[in-house]
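# Coordinate inspection notes
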Amino acid sequence: MAIDSSSPDPRDLLPTDRPIQLLDVDGTLTEDPRWPIDLGDDQLVELYRLMVMARQIDAQAITLQRQGQLGVYASLRGQEAAQIGSAFALAPQDWVFPSYREMGVALVRGVDPADLLHVFRGTWLGAHDPAKHRFALITISIATQALHAAGFAMGAKLDGSDACAVAYMGDGATSEGDAHEAFNFASVFDAPCVFFVQNNQYAISVPVTRQTKAPTIAHKAIGYGMPGYRCDGNDVLGTYAVMRKALRHARDGNGPVLVEAVTYRMEAHTTADDPTRYRDDAELERWRARDPLSRFERFLRGRGVVDDDVAQTVDQVAKAEAQSVRAAIYDAPHGDPLELFSYVYAEPTQQLRDQRALLQDELSGQDA
Amino acid sequence: MPVEQVRLPDLGEGLTEATVVRWLVAVGEVIAEDQLVAEVETAKATVELPAPYAGTVAELHAGEGEEVAVGAPILSVEVGGHPAPVTDTEVGATAGSSVDRADDQATEAEGASGNVLVGYGTGGGRGRRRRARVRHGSTSPRDTRPRAKPPVRKLAKDLGVDLDVIEGSGPDGRITRDDVHAAAGASPTIEAGAAQAPPVRREAVTGVRARIADHLSIAWREIPAASCWVESDATALLAVRRELASAHPDVRLTPLALILRCCAVALGEVPRLNSSFDAAAREIVHHGRIDLGVATQTDRGLLVPVVRDAAALSVLELAAEVERLASLARANRLPPADLVGSTFTVSNFGAFGIDGGGPIINHPEAGILGVGRIASRPWVVDDAVVPRDVVGLSLSFDHRVCDGAEAAGFLRLLADLVERPTLLLAH
């Protein structure tokens with residue numbers, strides 16, 4: 001029984017029994033009028049180009065970390081469809097509030113991937129312009145960005161703007177207090193917000209089965225009175241269609257939506273992780289067979305919009321882009337360590353001034 | 001043509017060293033940029049190392065199995081034709097500072113690993129980050145380590161000066177460069193002595209070795225252990241093994257599996273040895289289940305995977321489980337959960353051709369059984385000397401938990417079960 005007549009019908013909030021999938025693992029498309037796609041051939045090829053680009057730059061980033069050029073890196077391999085399909089559905093005025101694994105989303109928003117990687121090199125907290133790309137600085141602490149998104153969406157609503165906010169988060173983040181607060185706040189105030197959860201099966205080493213007792217993550221939505229959609233996150237078209245619908249729901253003033261994209265992280269949690277300690281090859285093989293990129297490529301080839309020439313060109317462009325990312329990051333100079341103290345307070349405290357002097361002495365190899 | 005030194009980067013947030021598992025290239029080989037050149041193992045994971053430069057491999061600075069400090073050269077590449085991404089001076093500057101850091105960190109950790117395992121912990125709380133070493137405004141007396149700045153520590157290390165014996169003349173008792181130089185001048189005998197001594201190699205105790213060292217030190221310090229041993233005629237046990245093995249050819253049935261079964265039964269009869277001494281609470285903790293740790297030698301060192309509820313397993317199940325755990329441990333694939341929580345440990349040192357010994361207890365357990373080799377020996381049966389297959393069984397036990405009589409009772413019972421395996425049918 002609902003609290004009052006304005007509460008939604010619970011039946012409208014539950015996810016479908018099976019994840020929404022338009023493109024099956026063999027690349028066969030089954031369209032569904034409830035989840036329209038409306039993409040032309042050029043846009044399909046663009047999706048493909050972005051996915052190939054994400055994969056190549058991702059591999060380059062791992063290599064850069066192994067060469068000591070990045071301190072750490074969190075790979076998105078396997079999650080290209082979830083990231084690029086969802087971000088492709090965004091309107092220009094929408095804002096993305098990412099976690100630390102969203103390079104695919106960043107590419108869709110036109111962020112230079114090298115700018116993003118500076119964070120992992122420790123050269124800059126973020127070199128891209130968040131306002132220009134409507135792509136906020138990446139968030140390392142888990143689920144904090146859900147609150148940022150809810151707050152932004154609330155602001156957009158009060159301003160009468162038609163922008164939506166999207167929080168990109170992982171399955172583990174849904175167990176955090178911040179996620180709960182953001183879900184609840186956004187829903188109570190009908191904030192135009194989509195919580196896009198990439199369920200990649202693991203929060204570092206914790207499997208999703210140990211993360212929640214809810215039937216699925218999308219089922220959690222009903223507790224907040226918002227709809228939960230669940231899609232095959234390795235199906236770029238299904239993810240796009242579901243995200244498109246979620247955004248329309250939010251933009252039309254109906255409040256937030258929780259989208260769960262079921263996917264799999266093919267690489268380690270970060271370059272500092274050893275996944276063989278908690279998952280086995282058989283599991284990896286099962287997911288390799290559901291690879292988002294090869295599935296989409298099969299579909300595009302079948303449709304005749306991608307052939308060997310197109311694939312080769314896309315591959316070469318992506319390789320060149322990866323090379324330029326490498327060139328931008330390789331031995332990029334670090335800032336002045338003394339800047340540590342520059343932006344903490346408008347007027348530095350005596351303690352900070354002392355610390356700054358000590359660091360300066362140490363850097364010059366002299367005694368105080 | 002210029003030769004570029006490739007230095008080992010920190011491969012995972014706070015690591016201090018890595019071990020070369022395998023070289024994927026050889027000296028003289030032409031390599032491409034980003035080509036994988038080596039497989040290295042850190043405290044976190046085994047990863048492949050890509051070359052930063054294209055060129056010809058000029059030198060491999062470490063052999064397989066050798067450890068390389070973060071910041072130290074791991075290979076040199078003769079960079080031909082193509083300009084290197086970095087100039088020599090830049091490499092020198094960057095690498096030089098990271099070497100300083102590594103050296104300093106080694107000093108700080110004093111031989112222990114400074115590795116930080118994000119997401120896993122360090123398995124002993126020994127993780128250290130590079131932390132601020134300057135305590136501001138403190139006037140507390142020297143507590144854990146002498147106060148000196150990193151460049152001064154480096155200088156002291158280079159000159160062989162022990163900072164612990166120097167009084168600092170700087171602010172807050174900080175040791176200065178002059179203090180170090182003065183100390184170095186005042187003790188020339190140390191330097192002279194060092195010059196004449198034959199070279200020694202110092203090996204950092206890290207990774208699995210460090211965990212073993214810490215764990216055994218605690219056991220040795222804390223547990224007043226006594227040892228006893230007995231020889232047992234295992235001829236009948238081996239006959240049983242042969243019979244079972246021919247009936248179940250699919251299972252690799254080892255004599256150890258049968259001895260583990262005997263051990264589980266004996267522990268059931270003498271449950272006091274399946275306990276732990278909780279010194280803090282002054283309590284003996286009696287475990288409700290027999291979880292047998294089985295010491296297993298791996299490439300990485302000694303690991304002790306745990307067979308859960310061993311008393312509930314048949315000989316065949318025990319054999320299969322030990323085999324499964326041991327192969328996972330050797331492949332470095334064992335989940336950490338399978339390495340903790342044993343209630344009694346068995347060490348099969350007989351596998352190394354040893355008859356007996358005084359094993360160190362796997363803290364905080366009450367006892368450990370050492371199983372010697374099974375060898376044919378002259379044995380007196382019915383007043384005649386005949387060859388029999390004899391096994392040595394050694395027990396170390398925590399004398400706080402039980403007295404000799406009880407421990408001897410356990411070992412004797414175990415020896416009887418080995419000699420007369422039909423008795424196992426009663427259990």
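Quick caveat, the model's predicted, so the values are computed rather than measured. Along each chain, numbering runs from 1 in the same order as the chain's sequence is written. Numbering of ligands from 1 and lettering of chains from A proceed in the order in which they are written. In view of the model being predicted, local features appear only for residues whose pLDDT reaches at least 70, and side-chain atom pairs are presented and counted only at 80 or more, with totals across whole chains, interfaces and linings using the full set of residues.

### Let's talk about the overall build of chain B
Across its full length, chain B carries 9 helices and 17 strands. Split into buried and exposed, the 427 residues of chain B put 34% on the buried side. We call two residues in contact if the C-beta atoms placed from their backbones are at most 7 Å apart. In chain B, of all internal contacts separated by at least 6 residues, the share reaching a separation of at least 24 is 63%. Per the convention used, a helix needs a DSSP run of H or I reaching at least four residues, while a strand needs a run of E reaching at least two, with both numbered from the N terminus. With C-beta atoms placed from the backbone, the exposure class of a residue follows from how many other C-beta atoms lie within 10 Å of its own: 20 or more, buried; 12 or fewer, exposed; in between, partly exposed.

### Observations regarding the overall build of chain A
Regarding its fold elements, chain A presents 12 helices and 7 strands. The proportion of buried residues among the 368 residues of chain A is 48%. Counted over contacts in chain A with a minimum sequence separation of 6, partners at least 24 positions apart contribute 76%.

### Re the nonpolar core
Counting residues in hydrophobic clusters, the biggest one holds 100 residues, and the most contacted among them are Ala 167, Cys 193 and Val 259 of chain A. When neighbours within four sequence positions are excluded, Cys 193 of chain A is seen to be in contact with Ala 149, Ala 150, Ala 153, Cys 164, Ala 165, Ala 167, Ala 186, Ala 250 and Pro 256 of chain A. Put simply, a nonpolar core is buried Ala, Val, Leu, Ile, Met, Phe, Trp, Tyr and Cys residues tied into one set by C-beta atoms within 7 Å. Counting 56 residues, the second largest nonpolar core, distinct from the first, contains Leu 267, Val 306, Val 391 and Leu 395 of chain B.

### Quick look at helix H7 (residues 177-188) of chain A
Residues and elements named next belong to chain A. Its 12 residues give H7 an end-to-end C-alpha distance of 17 Å, which sits within 8% of 16 Å, the value for a rise of 1.5 Å per residue. Considered for burial, the residues of H7 that qualify are Asp 178, Ala 179, Ala 182, Phe 183, Ala 186 and Ser 187. Taken around the axis of H7, the buried residues stretch over an arc of 150 degrees, which confines them to a single face. Structurally, H7 contributes buried residues whose contacts are with helix H6 (144-159), strand E2 (165-170), strand E3 (193-199) and strand E7 (257-262). For a helix, the expected span equals 1.5 Å multiplied by the number of residues minus one. What the arc measures is the spread of directions leading from the helix axis to the C-beta atoms.

### Examining the interface of chain B and chain A
Interfaces are often sized by the accessible area lost when the parts come together. Taken together, the contact pairs 29 residues of chain B with 26 residues of chain A. Residue assignment for the side of chain B that touches chain A shows that the elements contributing at least two residues are strand E5 (46-50) and helix H2 (150-159) of chain B. When residues of the side of chain B that touches chain A are assigned to their parent elements, the largest contribution, 3 residues, is made by E5 of chain B. Only Asp, Glu, Lys and Arg are considered charged in this grouping, and only Ala, Val, Leu, Ile, Met, Phe, Trp, Tyr, Cys and Pro are considered nonpolar; every other residue, Gly among them, is considered polar. Residues belonging to the side of chain B that touches chain A are distributed by class as follows: 16 nonpolar, 5 polar and 8 charged.

### Concerning the sheet that holds E2 of chain A
Adjacent strands of a sheet pair through backbone hydrogen bonds, lying either parallel or antiparallel. Residues and elements named next belong to chain A. Taken together, 5 strands build an open sheet; the order of strands is E1-E2-E3-E7-E6 and the sheet is parallel. For this open sheet the edge positions go to strand E1 (95-97) and strand E6 (228-232), each flanked by a neighbour on one side alone. Each adjacent strand pair in this sheet contributes to an overall mean axis angle of 20 degrees, direction not counted. Alignment of E1 against E2, held across 3 bridges, turns out to be parallel. Considered in E2, the bridge of Val 96 is made with Val 166. Strand contacts of H6: E1, E2 and E3, with the helix running at about 170 degrees to E2, the strand carrying the most contacts. A pair of strands counts as paired when DSSP detects no fewer than two bridges linking them. To obtain each axis, a line is fitted to C-alpha atoms, and for helices this fit is confined to the stretch in contact; angles are then taken between N-to-C directions over 0 to 180 degrees.

### A few points about the pairing of E7 of chain A
All names here are of chain A. With respect to burial, E7 is a largely interior element, 6 of its 6 residues being buried. Because side chains alternate across E7, one face comprises the buried residues Val 257, Val 259 and Ala 261, and the other comprises Leu 258, Glu 260 and Val 262, equally buried. Two elements, E3 and E7, share 6 bridges in a ladder whose sense is parallel. Across the sheet, Val 194 pairs through a bridge with Val 257, a residue of E7. Bridging between E6 and E7 involves 5 bridges; their strand directions are parallel.

### Structural notes on helix H10 (residues 292-303) of chain A
Given a rise of 1.5 Å per residue, 12 residues ought to cover 16 Å, and the 17 Å separating the end C-alpha atoms of H10 of chain A matches this to within 8%. Among the structural elements, helix H1 (41-66), helix H2 (80-88) and helix H8 (236-254) of chain A are those in contact with the buried residues of H10 of chain A.

### Considerations on the pairing of strand E4 (residues 36-41) of chain B
All names here are of chain B. Examined bridge by bridge, strand E2 (residues 17-23) and E4 share 4 bridges and lie antiparallel to one another. Within E4, the residue paired with Val 20 across the bridge is Val 40. In terms of strand pairing, E4 meets E5 through 5 bridges, oriented antiparallel. Paired with Val 40 across the bridge in E5 is Val 47. If you look at the hairpin formed by E4 and E5, you'll find 4 residues sitting between the two strands.

### Quick word on unusual backbone geometry
A negative phi angle characterises most non-glycine residues, just as the trans form characterises most peptide bonds. With an omega dihedral of 5 degrees, the bond running from His 363 of chain B to Pro 364 of chain B counts as a cis peptide bond. On the secondary structure map, Pro 364 of chain B appears in the loop between strand E15 (344-347) and strand E16 (367-381). Notably, Gln 201 of chain A is not glycine yet its phi reads approximately 80 degrees, a positive angle. Topologically, Gln 201 of chain A is positioned in the loop between E3 and strand E4 (202-203).

### A closer look at the environment of Phe 410 of chain B
All names here are of chain B. By the element assignment, Phe 410 lies in helix H9 (residues 404-419). When the C-alpha atoms of Phe 410 and Cys 263 are compared, they prove to be 9.0 Å apart, with 147 residues separating the residues in sequence. Those residues in contact with Phe 410 that lie beyond four places of it in its chain are Ala 266, Val 270 and Leu 273.

### Regarding the packing of helix H7 (residues 255-269) of chain B against helix H8 (residues 315-330) of chain B
Residues and elements named next belong to chain B. Relative to each other, H7 and H8 sit at 120 degrees, their axes nearing to 9 Å. Put simply, H7 runs oblique to H8. Two packed elements cross with a definite hand, and for H7 against H8 that hand is right-handed. Two secondary-structure elements touch here, H7 through Leu 256, Ala 257, Leu 258, Leu 260 and Arg 261 and H8 through Val 315, Leu 318, Ala 319 and Val 322. Geometric relationships in this document are graded by angle, where less than 35 degrees denotes roughly parallel, more than 145 denotes roughly antiparallel, 65 to 115 denotes roughly perpendicular, and other angles denote oblique. Working rule for handedness: look at the near helix, and if it is turned counterclockwise from the far one by less than a right angle, call the crossing left-handed; if clockwise, right-handed.

### Observations concerning the sheet that holds strand E7 (residues 67-69) of chain B
Residues and elements named next belong to chain B. The 4 strands lie next to each other as E5-E4-E2-E7, forming an open sheet whose pairing is antiparallel. A strand with exactly one partner marks an edge of an open sheet, and here the two such strands are E5 and E7. Across the sheet, the axes of successive neighbouring strands diverge by a mean angle of 40 degrees, strand direction being ignored. When E2 meets E7, the two strands line up antiparallel, connected through 3 bridges. Its bridge partner being in E7, Glu 17 is matched across the sheet by Ala 69.

### Things to note about the confidence of the model for chain B
Residues and elements named next belong to chain B. Taken residue by residue, chain B gives an average pLDDT of 82. The fraction at 70 or more is 82%. Within a predicted model, pLDDT stands for the predictor's per-residue confidence, ranging from 0 to 100. Counting interchain partners and residues more than four positions distant, the pLDDT-below-50 stretch residues 119-142 has 31 contacts. Taken together, the stretch residues 188-193 has pLDDT below 50 and engages in 2 contacts with residues farther than four places along the chain or on a different chain. Predicted as a complex, the structure gets a pTM of 0.59 and an ipTM equal to 0.72.

### Concerning the environment of Met 1 of chain B
Residues and elements named next belong to chain B. Here Met 1 lies in the segment before strand E1 (3-7). Residue class for Met 1 comes out exposed when judged on the 10 C-beta atoms lying within 10 Å of it. Each C-alpha atom, one on Met 1 and one on Gly 55, is 9.9 Å from the other, the two residues being 54 residues apart in sequence. Excluding residues within four positions of it along the chain, Met 1 makes contact with Glu 78, Val 79 and Gly 80.

### So, the packing of H1 of chain A against H10 of chain A
Residues and elements named next belong to chain A. In the contact formed by H1 and H10, the axes pass within 11 Å of each other and the chain directions differ by 150 degrees. In terms of orientation, H1 lies roughly antiparallel with respect to H10. Of the two possible hands of crossing, H1 and H10 adopt the one that is left-handed. Between H1 and H10, the residues in contact are Leu 44, Tyr 48, Met 51, Val 52 and Arg 55 and Pro 292, Leu 293, Phe 296, Glu 297 and Leu 300, respectively. Per-class residue counts for the contact of H1 with H10 are 8 nonpolar, no polar and 2 charged.

### What to know about the environment of Glu 269 of chain B
All names here are of chain B. Summarising the element assignment, Glu 269 is placed in helix H7. Accessibility expressed as a C-beta count within 10 Å gives 13 for Glu 269, which makes it partly exposed. In sequence terms Glu 269 and Gly 409 are 140 residues apart; their C-alpha atoms lie 9.7 Å from each other.

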